[in-house]
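Coordinate analysis (summary)
Chain residues, written in single-letter form:
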Amino acid sequence: MAEKGPLKISAKELTSGLVHAKDVEVFIGRLAMEEEWEPLGPTPFPSIATLRSWDHLLLSRYKPFYAPFCDYCCLCTYGKCDLSKGRLGACGLDMKAQTARIVLIACCIGAATHLSHARHMVDHLIEKYGEDYPINLGSDIAVEMPHARLITGIKPKTLGDLAFLLNYCEKQVTQCLSAAHTGQEGSYIDFESKALQVSMIDHLAMEIADVAQIVTFGFPKGDPDAPLTWVGLGVLDLSKPVVLCIGHNVSAGIEVIDYLEKSGLGGPGETVEVAGLCCTAHDITRYRDQAKIVGPISDQLRIIRSGAADAIMIDEQCIRTNVVYEAQRVKTPVIAVSDKASHGLPDVSELPIEKIVQMLVSGSTPGVFLPDLEKAGAVVALTAIRMAPIRQKFKIIPDPSQIQTQASQCTFCGTCRRNCPIDLPIDQAVFNAKNGNFELLSMLHDVCLGCARCEQVCPRKIPALSLIEAAAQHKIKTEKYRMRVGRGPILDTEIREVGSPIVLGEIPGVVAYVGCANFPNGGREVATMAREFARRGYIVTLSGCSAMVASYVKNEEGKTIYEEFPGAFDRGGVVNVGSCVANAHISGAAIKIANIFARRPLRANYEEIADYILNRVGACGVAWGAYSQKAASIATGFNRLGVPVIVGPQGSKYRRMYLGRAEDKESFTVYDARTGERVWVGPAPEHLIIALETMEECMVWTAKLCIRPNDTTKGRMIKLTHYVDLYKRIYGRLPPDLHMFVRTEADIPVTFKDEIMQHLKEVGWKPWERPSIDPTLLKRLVRV
């Protein structure tokens, strides 16, 4: 049963000693729907069972494929239970259900992380601005929160409405997580349904978090011409005190900037450098032009060990859990502001600012826990100013002259390489350095993940990561790139312009490069892929760490992708929406296409909108460096909406993919909504989530996964042109499954027509009887 909003009591007539009234309606609870702006759809506030039939329908086509880490379940005291060879655990679970259960737990963690971020953000902003602070994204955005409207049926108007929506989200995460307890759910397909449910909630929570900070902090409101900022390890002016903000919740970082400006130390010609890592970095640059981005999560150890930071503020998410230890090694104080990541530091909330600063500057404590954000902003700024002359940028990355000495202990045992997540030749690089050749060490800087697992296992305790950075100092000093700051949502006016060409296939697709920095060959691959698809006329959207590294490759004119292409959501546009929580604007754009362009009812109408997106909106997500549980829930939330996602090779460690079977024609048979007939539409899209090995393979699949049943002849010809061209360029031949996507001869790309016609003749292809239909998976949408 769907969850309800405020309790409504109606009475035809009400009489008391004080009042006599007719047709009375009383609402108990927060009133978030003040008008009937659209008829309420069938699924307001869906519970974990409301959309179960949609999930089962999706998963009957895209069957879960499991790749468990091990054969055992160790989650309760009956275990460990061996689930191999068809065995059941003590509770009755088999291997498929157990693996699906682990996937559900990961998605719950991911959703809970964004949700707690949103809760902290909204509560803080209500305390600061009041619950009646309006949601206003500007005159070009009328559908301000498509996820909120689609999922709950509510059109939020104030910060208080957002807090009300978070109550629903928190309940759903709790219920989904409870299903993972021993002796609860037993079906793999229903574990997956709950993973899809909680991941849908994740997108709603992300939308709430980003909209709240956009409207209160004055971030860009969908501005295609959002300003350019600097990103890279070489962007900092080390002659100044440096504050480094690490995490995802920008509220504390903004307090630092505000304190500096009020004190006359910030703004143009600022005295203190404020820079960030990961998503907080995105959001401080959305707030002030003077802020800078050091880089993605993979640069965290590098920048700490470099000694550049004179004070480090950590909020929540994607923080190295030994950050206090690493910072202490370079004499940098740490100020933790989130109770989710307090790192064992003393709570100094009751102490005056000057006392806290003295504690940190004197070194009597390596850091403090200070959840009072306004006070923390002052403490961080003052600490950085006073520590700068004391520390003098003390670092533990050796000078190039010391590399050979520190590498001299290497025995070329290979332990470091065996422990590297991406199998880098660290052993050879260090051994070469022992003999005076630093070239390979320097090259590893561009692809190293910065995890330092190599250092943990080295029997000689050689600091391999520090040696890599030392060898690359000549590069690091020049690592300065231009990136467009996060613009936030897609404008309704943009959706009106591109809705038709996207749905008809004339814009070949929307490609979203999202997620973390666990890249198989460095972030430059993301930059290469994004530029390739922008040049081909796809709409390229980016967020998070991927948006940062997309700037790392310059064209022949020395321009980054953000300088080369416009920032509009249009053909050939490159759109940085912002931090992790801004991912909701990418999925929200697909929802808006169904609503604004196709005029499909949006309010609490999830199944119909998702069905529309699956069959008509050529979009594909690419999480090439996905590493976290948040990435799992983000991807799974896209999947429930019908958007396929590609993950890099490390993504196979999520243990589950949703794979279609192209040879199973029945699974790709849909209803023609005009006639009610069942029609095969080809494997489009073929998979919902798939892990791939190489950049080249990823580009081919990206083009392929943008093909949709609804493509017009012109649209299908355009999409096949890109698919065939990429396939031929990489593999040297035509795609072997091409016949599954050519409906009539008119679909065939003109450039390859003779070659393709010969191929089709060889495989016995015949024109489809029904090439043009109105496709849907939902029988209730048949209009006959």
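Let me sum up the structure you'll find in this document. Keep in mind that what you see is a predicted model, and the values were worked out from it rather than measured. Per chain, the residues get numbers from 1 upward, laid out in the order the sequence is written. Local features in this predicted model are restricted to residues of pLDDT 70 or higher, and side-chain atom pairs are both shown and tallied only at a pLDDT of 80 or more, whereas totals for entire chains, interfaces and linings draw on every residue. The side-chain numbers reported here are obtained from all heavy atoms of the structure, hydrogens and water having been left aside.

1. Regarding the overall build of the protein
What counts is decided by this rule: A run of DSSP states H or I qualifies as a helix once it reaches four residues; a run of E qualifies as a strand once it reaches two. Both are numbered from the N-terminal end. Radius of gyration here is computed from C-alpha atoms only, and the compact-globule reference equals 2.2 Å multiplied by the residue count raised to the power 0.38. Burial here depends on accessible area, computed with a 1.4 Å probe over protein chains only, as a share of the maximum for the residue type. Under 20% is buried, over 50% is exposed, and the range in between is partly exposed. By definition in these notes, contact holds between two residues if any of their heavy atoms fall within 4.5 Å. Residue burial considers only the protein chains on display, and all accessible areas are found by Shrake-Rupley using a 1.4 Å probe. For the purpose of charge, His is not counted, nor are the chain termini; Lys and Arg are scored as positive and Asp and Glu as negative. Charge coordinates come from a single atom per side chain, which is NZ of Lys, CZ of Arg, CG of Asp or CD of Glu.
Of the regular secondary structure elements, the protein holds 28 helices and 23 strands. Its C-alpha radius of gyration of 27 Å places the protein within 12% of the 28 Å reference for a compact globule of 784 residues. Relative to its 784 residues, the protein shows a buried fraction of 62%. Taking all contacts inside the protein whose residues are at least 6 apart in sequence as the whole, residues at least 24 apart take part in 75%. Accessible area for the protein stands at about 28900 Å²; split by element, carbon and sulfur atoms hold 52% of it. Positive and negative side-chain charges in the protein, numbering 88 and 88 respectively, have mean positions lying 4 Å apart.

2. Brief notes about the side chain of Asp-258
What counts, and what does not: By convention in these notes, a salt bridge is any Lys or Arg side-chain nitrogen within 4 Å of a carboxyl oxygen on Asp or Glu.
The topology assignment puts Asp-258 in helix H6 (residues 251–262). Look at Asp-258: it is buried, it has no salt bridge, and the nearest opposite charge is Lys-128 at 4.4 Å. Residues contacting Asp-258, with those up to four places away along its chain left out, are Lys-128 and Tyr-287.

3. A word on the packing of aromatic side chains
Operational definition: Stacked, tilted and edge-to-face pairs are distinguished by plane angle, under 30 degrees for stacked and over 60 for edge-to-face with tilted covering the rest, among Phe, Tyr and Trp rings (Trp via its six-membered ring) whose centres lie within 6.5 Å. Two conditions define a charge located above a ring, namely a distance within 6 Å from the ring centre to NZ of Lys or CZ of Arg, and an angle within 35 degrees of the ring normal.
Counted by the stated rule, this structure contains 14 aromatic pairs. Centre to centre, the rings of Tyr-66 and Tyr-188 are 6.2 Å apart; their planes meet at 90°, and the pair counts as edge-to-face. Of this pair, Tyr-66 sits in strand E3 (residues 63–66) while Tyr-188 sits in helix H5 (residues 188–217), and the two are 122 residues apart along the sequence. Taking relative accessible area as the criterion, Tyr-188 reaches 28% and is therefore assigned partly exposed. Taken together, a centroid distance of 5.9 Å and an interplanar angle of 40° make the contact between Phe-217 and Phe-219 tilted. With respect to class, Phe-217 is no different from Phe-219; both count as buried. Site record: aromatic cluster; members linked through ring pairs are Tyr-723, Tyr-727, Tyr-731 and Phe-741. Lying across the ring of Tyr-72, Lys-80 places its NZ or CZ 5.1 Å from the centre.

4. Section: the packing of helix H2 (residues 95–129) against helix H25 (residues 629–640)
The condition is simple: To define axes, lines are fitted to C-alpha atoms, for helices over the stretch in contact only, and angles between the resulting N-to-C directions are given on a 0 to 180 degree scale. Each angle is binned into one of four classes, with values under 35 degrees roughly parallel, values over 145 roughly antiparallel, values of 65 to 115 roughly perpendicular, and all other values oblique. Any residue outside Ala, Val, Leu, Ile, Met, Phe, Trp, Tyr, Cys, Pro, Asp, Glu, Lys and Arg is labelled polar, Gly included; the first ten of those are nonpolar and the last four are charged.
Two elements in contact, H2 and H25, have axes separated by 7 Å at closest approach and are oriented at 95°. If you check the angle between H2 and H25, you find them roughly perpendicular. Together, Ala-106, Cys-107, Ile-109, Gly-110, Ala-111, Thr-113 and His-114 of H2 and Gln-629, Lys-630, Ala-632, Ser-633, Ile-634 and Thr-636 of H25 make up the contact between the two elements. Counted by class, the contact of H2 with H25 contains 6 nonpolar, 6 polar and 1 charged residues.

5. What to know about the nonpolar core
To keep things clear, this is the line we draw: We define a nonpolar core as any set of buried Ala, Val, Leu, Ile, Met, Phe, Trp, Tyr and Cys residues linked to one another through side-chain atoms lying within 4.5 Å.
Ranked by size, the top nonpolar core spans 213 residues in total, and within it Ile-208, Tyr-513, Phe-569 and Ile-646 carry the most contacts. Sorting elements by how many residues they give to this core places H5 first, with 17 residues. Setting aside its immediate chain neighbours within four residues, Ile-646 contacts Cys-620, Gly-621, Val-622, Ala-623, Trp-624, Ile-690, Leu-692, Cys-698, Trp-701, Thr-702 and Leu-705. The next biggest cluster of nonpolar side chains, apart from the first, holds 28 residues, and it includes Ala-407, Cys-420, Leu-441 and Ile-462.

6. With respect to the pattern of salt bridges
Counted under the stated rule, the structure contains 50 salt bridges. Salt-bridge contacts for Lys-559 lead to Glu-557; the nearest nitrogen and oxygen are separated by 3.7 Å. Judged by relative accessible area, which is 34%, Lys-559 ranks as partly exposed. For Glu-557, a relative accessible area of 62% translates into the label exposed. Put simply, Arg-305, Glu-326, Arg-329 and Glu-455 are held in one network by salt bridges that share partners.

7. Thoughts on the sheet that holds E3
In any sheet, the strands associate via hydrogen bonds between backbone groups, in a parallel or an antiparallel arrangement. This is how the line gets drawn: Strand pairing follows a simple DSSP-based rule, namely that at least 2 bridges must link the two strands.
A sheet is described by the order of its strands in space; here 8 strands give the open sequence E3-E19-E22-E18-E17-E14-E15-E16, paired in mixed fashion. With one partner strand each, in any of the chains shown, E3 and strand E16 (574–578) form the two edges of the open sheet. Geometrically, the sheet is characterised by an average inter-axis angle of 25° between neighbouring strands, direction not taken into account. Packing of H5 onto the sheet brings it into contact with E3 and strand E19 (656–659), and relative to E3 it is tilted by some 100°.

8. Some remarks on the side chain of Ser-199
Here Ser-199 shows up in helix H5. Given the relative accessible area of 0%, Ser-199 is considered buried. With near-sequence residues (within four places) excluded, Ser-199 lies in contact with Cys-107, Ser-633, Thr-636 and Gly-637.

9. Observations concerning helix H10 (residues 353–362)
Selection rule: Directions drawn from the helix axis to the C-beta atoms are what define this arc.
Among the residues of H10, those classed as buried are Ile-356, Val-357, Met-359 and Leu-360. All buried residues of H10 project into a common sector of 155° when viewed along the axis, lining one side. In the core, the buried residues of H10 are packed alongside strand E11 (334–336), strand E12 (367–369) and helix H11 (373–391). Downstream of H10 by one or two residues, Gly-363 has phi in the positive range, about 80°.

10. Comments concerning the sheet that holds strand E23 (residues 775–776)
Strands sit in the order E21-E20-E23 across an open sheet of 3 strands; the sheet is antiparallel. Taken across any chain shown, the strands that pair with only one partner, and hence form the sheet edges, are strand E21 (678–680) and E23. Relative to E21, strand E20 (residues 669–672) runs antiparallel, the two sharing 3 bridges. Each bridged residue has a counterpart across the sheet, and for Thr-669 the counterpart in E21 is Trp-680.

11. Looking at unusual backbone geometry
Across the junction of Gly-79 and Lys-80, the peptide omega takes the value 10°, indicating a cis bond. You can see Lys-80 is positioned in the loop between strand E4 (72–73) and strand E5 (81–82). Cis geometry is adopted by the peptide bond preceding Pro-685, which originates at Ala-684 and carries an omega value of -10°. Relative to the helices and strands, Pro-685 resides in the loop between E21 and strand E22 (687–691). Phi at Phe-45 takes a positive value of approximately 45°, unusual for a residue other than glycine. Locating Phe-45 in the fold gives a position in the loop between strand E2 (20–28) and helix H1 (52–61). Accessibility expressed as a relative area gives 3% for Phe-45, which makes it buried. The residue Gln-392 is not glycine, and still its phi comes out positive at about 50°. By secondary structure assignment, the location of Gln-392 is in the loop between H11 and helix H12 (403–407).

12. Here's the deal with the packing of helix H4 (residues 159–178) against H5
Rule in force here: We call a crossing left-handed when the near helix sits turned anticlockwise from the far one by less than a right angle, and right-handed when that turn is clockwise.
For the pair H4 and H5, interaxial distance at closest approach is 10 Å and the crossing angle is 155°. Taken together, the axes of H4 and H5 lie roughly antiparallel to each other. Of the two elements, H4 crosses H5, and the hand of that crossing is left-handed. Here H4 contributes Leu-159, Leu-162, Leu-165, Leu-166, Tyr-168, Cys-169, Gln-172, Val-173 and Cys-176 to the contact with H5, which in turn contributes Lys-194, Gln-197, Val-198, Met-200, Ile-201, Leu-204, Ile-208, Ala-212 and Thr-216.

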